[in-house]
Protein chains: 2
Amino acid sequence: MKAVNNSMADKKLIGVDLGGTTTKFGILTPAGDVQQRWSIETDVLEDGRQIIPNIIDSIKHHLDMYDMSAEQFLGIGMGSPGSVDLTAGTVTGAFNLNWSGTVYPKRDIEAATGIPFYIDNDANVAAMGERWMGAGDNDPNVTFVTLGTGVGGGIIADGRLLHGVAGSAGELGHITVQPGGYLCTCGKRGCLEQYASATGVVHIARDMAEEYAGDAKLKFMLDDGEDITSKIVFDLAKENDPLALKVVDKVSFYLGLALANVGNMLNPKYIVIGGGVSAAGDFLLQRVQQNFEENTFPNVRQTTSLRLATLGNEAGIVGAASLVLQDQAETEE
Amino acid sequence: MKAVNNSMADKKLIGVDLGGTTTKFGILTPAGDVQQRWSIETDVLEDGRQIIPNIIDSIKHHLDMYDMSAEQFLGIGMGSPGSVDLTAGTVTGAFNLNWSGTVYPKRDIEAATGIPFYIDNDANVAAMGERWMGAGDNDPNVTFVTLGTGVGGGIIADGRLLHGVAGSAGELGHITVQPGGYLCTCGKRGCLEQYASATGVVHIARDMAEEYAGDAKLKFMLDDGEDITSKIVFDLAKENDPLALKVVDKVSFYLGLALANVGNMLNPKYIVIGGGVSAAGDFLLQRVQQNFEENTFPNVRQTTSLRLATLGNEAGIVGAASLVLQDQAETEE
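Keep in mind it's a predicted model, so treat the numbers as computed, not measured. (Residues numbered from 1 in each chain as written. Chains lettered and ligands numbered in written order. Predicted model: local features only at pLDDT ≥ 70, side-chain atom pairs only at ≥ 80, totals over all residues. Heavy atoms only, no water.)

## Re the overall build of chain A
Turning to step 1, where the next piece is worked out: Helices and strands together make up the secondary structure of chain A, namely 13 helices and 13 strands.
Turning to step 2, where the next piece is worked out: Rg of the C-alpha trace for chain A: 21 Å, near the compact-globule value of 20 Å for 333 residues, within the 12% margin.
Turning to step 3, where the next piece is worked out: With respect to the three principal axes, the spread of C-alpha positions in chain A is 65 × 50 × 35 Å.
Turning to step 4, where the next piece is worked out: Within chain A, buried positions represent 57% of all 333 residues.
Turning to step 5, where the next piece is worked out: A separation of at least 24 residues holds for 62% of the contacts in chain A among residues at least 6 apart in sequence. (Helix = DSSP H or I, 4+ residues; strand = E, 2+ residues; numbered from the N terminus. Rg over C-alpha atoms; globule rule 2.2 N^0.38 Å. Buried < 20%, exposed > 50% of the residue type's maximum accessible area, 1.4 Å probe, protein only. Contact = heavy atoms within 4.5 Å.)

Here it is in structure tokens:
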């Protein structure tokens, strides 16, 4: 973010992180300081038609509570699932919110609150958050990858979020890491998401267990029909379970290869790894780093660094709030 | 490029394409119309110390000849080999020019001509040229890959050339397409450059010929010790030589995979393929397209198109001239 001028510094930002189960809110200073936080349940019943009214009510209620008015805010930023039209401020195909058609958050929220509204997709917003106040050190060149149930991402280059021609820039989950490999929900094969998401880790574990002949607790658990999670695989690997270590090596190989090619193409200062799977921490990072180094050319190996995300759940509201500032910076240029 | 205002429209641009054997020059209108073209030999003797003075003399001589003065130009743009510092306007490590240390084109050319000077590396400049007046249709999101002796590239996202933290953004030649594969001059293995450059095509041909048992003219030529070029391989493939077809399939697989991942990450409107190897034309493009489609997810497959470059040798001077306008646009914003 650019430095803000004095008239802006007194004003505040609202960040909204709209998720399938909860919607998180924050009031932030333009310096990125989170001054208030709250959350509400996301009501996905009745085609999710209460979601936007509930967001409006919650913002109004909290502004009343804090005795604040619309004039005190530079804007509201929101991260949303689905396909986001930045200019129109609309969302299409957010299936986990039960929104079947197009929804108009910008129109509705601006009309109800009188505060300028900005929106982008949730992975891009989390990328902006980590870039601004997290592991990205506010550098203009940061790529973010989130390893959760799926794999998502966002690319900030020269200080701007990249969207591409149809909004798919930064969809790191669909980088092909194994041509002809595991079938993805997107319809093609070999996507990173199938190898480095929480479900991908379990998929690899099941496949490797079938062919594994040795003695390993992970194999025993799988043969015994126990429910396995990505966390269990990493915990067993940290205890030197030989099969779990092989699984982690495979996950790290594919993640390291994909991030190496992010580096080779974009040469960001930092590639920040977040999401549930990244809770495996340095144990995962070290193994990914090794594969990253093997697959990057010298200038990238020396200047692009892998880092673990630091903001956790707060990345969404912080990044959402930063959308407001990005717009201010562009207007001022 | 943005539309130019009236005061700018009367002025001209100079584009300089500095190469290892010739230096090309062009005088262009801000609309991209090439009004004059000429070229000189690049004198790489004596550590290339005459290169910049020769460029200055040639520009001065032609301005005299056309009866034009410095005030009639918005600027000079130049594409250079080596590692370019955009802000300082310096070049380091341009080994094919015999420049061993740091050279100061901006300082020297501005002092001698009185015209503002802009510089970027040759692949980025060619990308800007194809984007502006070539296959890129002046779209804000265009990636360019050039398949020559090596493989280079440039990425334009949201209308701006990406450079990354250390100038390596757009180095598409070092995308890892085959982990552990052919050793590259960069020191790592499996770089696209080793599979899709002119030398890469020949390397693949030699390796496949060794294991090829059937009857094929390409195999006969190689066994006979004849000199093989990438052009010969493609020409034979077009005549249905069975080994040459296998080689082209392999080249197309790796190029299609790499460009698919450019698409998955950046979702440009166009990925433009240029350089000597791209002279194989639609024959190559169709095969690359098939591999591109197999490795892109639906939204990218539907919105990102592969195209052959159209400017040929002129991409350099056109792109170099456009650097001047990019700077004007940023100043005006």
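Picking up where we left off.
## Section: the sheet that holds strand 7 (residues 102–103) of chain B
Residue and element names in this part refer to chain B.
Turning to step 1, where the next piece is worked out: The strand order 5-6-7 describes an open sheet built from 3 strands, whose pairing is antiparallel. Unpaired on one side and paired on the other, strand 5 (83–85) and strand 7 mark the two borders of the sheet.
Turning to step 2, where the next piece is worked out: Note: strand 6 (residues 90–92) against strand 7, 2 bridges, orientation antiparallel. Within strand 7, the position partnered with Thr-92 by the bridge is Thr-102. (Pairing = 2+ DSSP bridges.)

## Overview of the pairing of strand 1 (residues 12–18) of chain B
All names here are of chain B.
Turning to step 1, where the next piece is worked out: Of all the 7 residues making up strand 1, 7 are buried; the element is thus mostly covered by neighbouring parts of the structure.
Turning to step 2, where the next piece is worked out: Both strand 1 and strand 4 (residues 73–80) contribute to a ladder of 6 bridges, which runs parallel. Of the residues in strand 4, the one forming a bridge with Leu-13 is Gly-75.
Turning to step 3, where the next piece is worked out: Bridging between strand 1 and strand 2 (residues 22–28) involves 6 bridges; their strand directions are antiparallel. Counterpart to Leu-18 in the pairing with strand 2 is Thr-23.
Turning to step 4, where the next piece is worked out: Counting the residues that bridge the hairpin from strand 1 to strand 2 gives 3 residues.

## Brief notes about unusual backbone geometry
Residue and element names in this part refer to chain A.
Turning to step 1, where the next piece is worked out: Residues other than glycine seldom take positive phi values, yet Asp-47 does so here, at roughly 55 degrees.
Turning to step 2, where the next piece is worked out: Using a relative accessible area of 46% as the deciding quantity, one classes Asp-47 as partly exposed.
Turning to step 3, where the next piece is worked out: The backbone of Asp-67 shows a phi angle near 55 degrees, a positive value even though the residue is not glycine.
Turning to step 4, where the next piece is worked out: On the secondary structure map, Asp-67 appears in the loop between helix 3 (51–65) and strand 4 (73–80).
Turning to step 5, where the next piece is worked out: In this structure Asp-67 comes out as exposed when scored by relative accessible area, which is 69%.

## Observations regarding the side chain of B:Thr113
Residue and element names in this part refer to chain B.
Turning to step 1, where the next piece is worked out: Considering the arrangement of structural elements, one finds Thr-113 in helix 4 (residues 105–113).
Turning to step 2, where the next piece is worked out: There is a polar contact of 3.2 Å between the side chain of Thr-113 and the backbone nitrogen of Ile-115.
Turning to step 3, where the next piece is worked out: The residues touching Thr-113, leaving out its near neighbours within four places in the chain, are Ile-59, Ala-70 and Ile-76. (Polar contact = N/O pair within 3.5 Å; in protein donor to acceptor, adjacent residues only side chain to side chain.)

## Examining the nonpolar core
Turning to step 1, where the next piece is worked out: In terms of nonpolar packing, the biggest core is built from 106 residues, with A:Leu218, A:Leu259, B:Leu218 and B:Leu259 touching the most fellow members.
Turning to step 2, where the next piece is worked out: Once you skip the residues sitting within four places of it in the chain, A:Leu259 turns out to touch A:Val145, A:Ile271, A:Ile273, A:Val288, A:Phe292 and A:Leu306.
Turning to step 3, where the next piece is worked out: Membership of the second largest hydrophobic core comes to 27 residues, among which are A:Val16, A:Ile27, A:Ile76 and A:Val103. (Core = buried A, V, L, I, M, F, W, Y, C linked by side-chain atoms within 4.5 Å.)

## Here's the deal with the domain arrangement of chain A
All names here are of chain A.
Turning to step 1, where the next piece is worked out: Taken domain by domain, chain A consists of domain 1 (6–129 + 314–332) and domain 2 (138–310).
Turning to step 2, where the next piece is worked out: Measuring from the centre of the C-alpha atoms in domain 1 to the corresponding centre in domain 2 gives 29 Å.
Turning to step 3, where the next piece is worked out: Overall, the association of domain 1 and domain 2 removes approximately 820 Å² of surface from exposure, summing both partners, and the carbon and sulfur fraction of that is 60%.
Turning to step 4, where the next piece is worked out: The tally of links from domain 1 across to domain 2 stands at 0 salt bridges.
Turning to step 5, where the next piece is worked out: The set of elements that each furnish at least two residues to the side of domain 1 that touches domain 2 consists of helix 5 (122–133) and helix 13 (315–332).
Turning to step 6, where the next piece is worked out: For the side of domain 1 that touches domain 2, the element with the highest residue contribution is helix 5, accounting for 5 residues.
Turning to step 7, where the next piece is worked out: Within the side of domain 1 that touches domain 2, the residues separate by chemical class into 6 nonpolar, 2 polar and 2 charged. (Domains from an automatic or database assignment. Buried area = accessible area lost by both parts, 1.4 Å probe. Salt bridge = Lys/Arg side-chain N within 4 Å of Asp/Glu carboxyl O. Nonpolar A, V, L, I, M, F, W, Y, C, P; charged D, E, K, R; others polar.)

## A closer look at the interface of chain A and chain B
The extent of an interface is frequently quoted as the accessible surface area lost upon association of the parts.
Turning to step 1, where the next piece is worked out: Counting residues at the interface gives 44 residues for chain A and 44 residues for chain B.
Turning to step 2, where the next piece is worked out: Interface area for chain A against chain B, summed over the two sides, is near 3,400 Å², with a carbon-plus-sulfur share of 60%.
Turning to step 3, where the next piece is worked out: On the chain A side of the contact with chain B, A:Val165, A:Met265 and A:Phe297 bury the most area, a combined 20% of that side's loss.
Turning to step 4, where the next piece is worked out: The tally of links between chain A and chain B comes to 0 salt bridges.
Turning to step 5, where the next piece is worked out: For the pair chain A and chain B, the number of links is 14 residue pairs in polar contact (both at pLDDT 80 or more).
Turning to step 6, where the next piece is worked out: Elements with a minimum of two residues in the side of chain A that touches chain B: strand 10 (151–157), strand 11 (160–161), helix 10 (242–266) and helix 12 (298–303) of chain A.
Turning to step 7, where the next piece is worked out: Examining the composition of the side of chain A that touches chain B, we find that 8 residues originate from one element, helix 10 of chain A, more than from any other.

## Let's talk about the relation of the copies chain A and chain B
Turning to step 1, where the next piece is worked out: Here chain A sits on chain B after a turn of 180 degrees about the axis and a move of 0.0 Å along it, with an RMSD of 0.0 Å. Taken together, these values place the two copies in the relation of a two-fold axis. (Least-squares fit on C-alpha atoms with pLDDT ≥ 70 in both.)

## Some details on the packing of helix 10 of chain A against helix 11 (residues 282–294) of chain A
All names here are of chain A.
Turning to step 1, where the next piece is worked out: Contact geometry for helix 10 and helix 11: axes closest at 7 Å, N-to-C directions at 55 degrees. Judged on the interaxial angle alone, helix 11 and helix 10 are oblique. Once helix 10 is placed against helix 11, the crossing between them reads as right-handed. Across the interface between the two elements, Leu-245, Val-248, Asp-249, Ser-252, Phe-253, Leu-255, Gly-256, Leu-259 and Ala-260 from helix 10 touch Phe-283, Leu-284, Arg-287, Val-288, Asn-291 and Phe-292 from helix 11.
Turning to step 2, where the next piece is worked out: Partitioned by chemical class, the residues of the contact of helix 10 with helix 11 number 10 nonpolar, 3 polar and 2 charged. (Axes fitted to C-alpha atoms, helices over the stretch in contact; angles between N-to-C directions. Parallel < 35°, antiparallel > 145°, perpendicular 65-115°, else oblique. Left-handed = near helix turned anticlockwise from the far one by under 90°.)

## Focus: the sheet that holds strand 8 (residues 117–121) of chain B
All names here are of chain B.
Turning to step 1, where the next piece is worked out: With mixed pairing, 5 strands are arranged side by side in an open sheet as 3-2-1-4-8. Two strands bound the open sheet, and with one partner strand each, they are strand 3 (34–41) and strand 8. Within this sheet the neighbouring strands show an average axis-to-axis angle of 15 degrees, counted without direction.

## Describing helix 11 (residues 282–294) of chain B
Residues and elements named next belong to chain B.
Turning to step 1, where the next piece is worked out: Helix length check: helix 11 (13 residues) gives 18 Å between terminal C-alpha atoms against 18 Å at 1.5 Å per residue, within 8%.
Turning to step 2, where the next piece is worked out: Among the residues making up helix 11, those that are buried are Phe-283, Leu-284, Leu-285, Val-288, Asn-291 and Phe-292.
Turning to step 3, where the next piece is worked out: Buried residues along helix 11 sit in contact with strand 9 (142–147), helix 9 (230–238), helix 10 (242–266), strand 12 (270–274) and strand 13 (305–308). (Expected span 1.5 Å × (residues − 1).)

## So, the pairing of strand 3 (residues 34–41) of chain A
Turning to step 1, where the next piece is worked out: When strand 2 (residues 22–28) of chain A meets strand 3 of chain A, the two strands line up antiparallel, connected through 7 bridges. Opposite A:Leu28, over in strand 3 of chain A, you have A:Val34 as the bridge partner.

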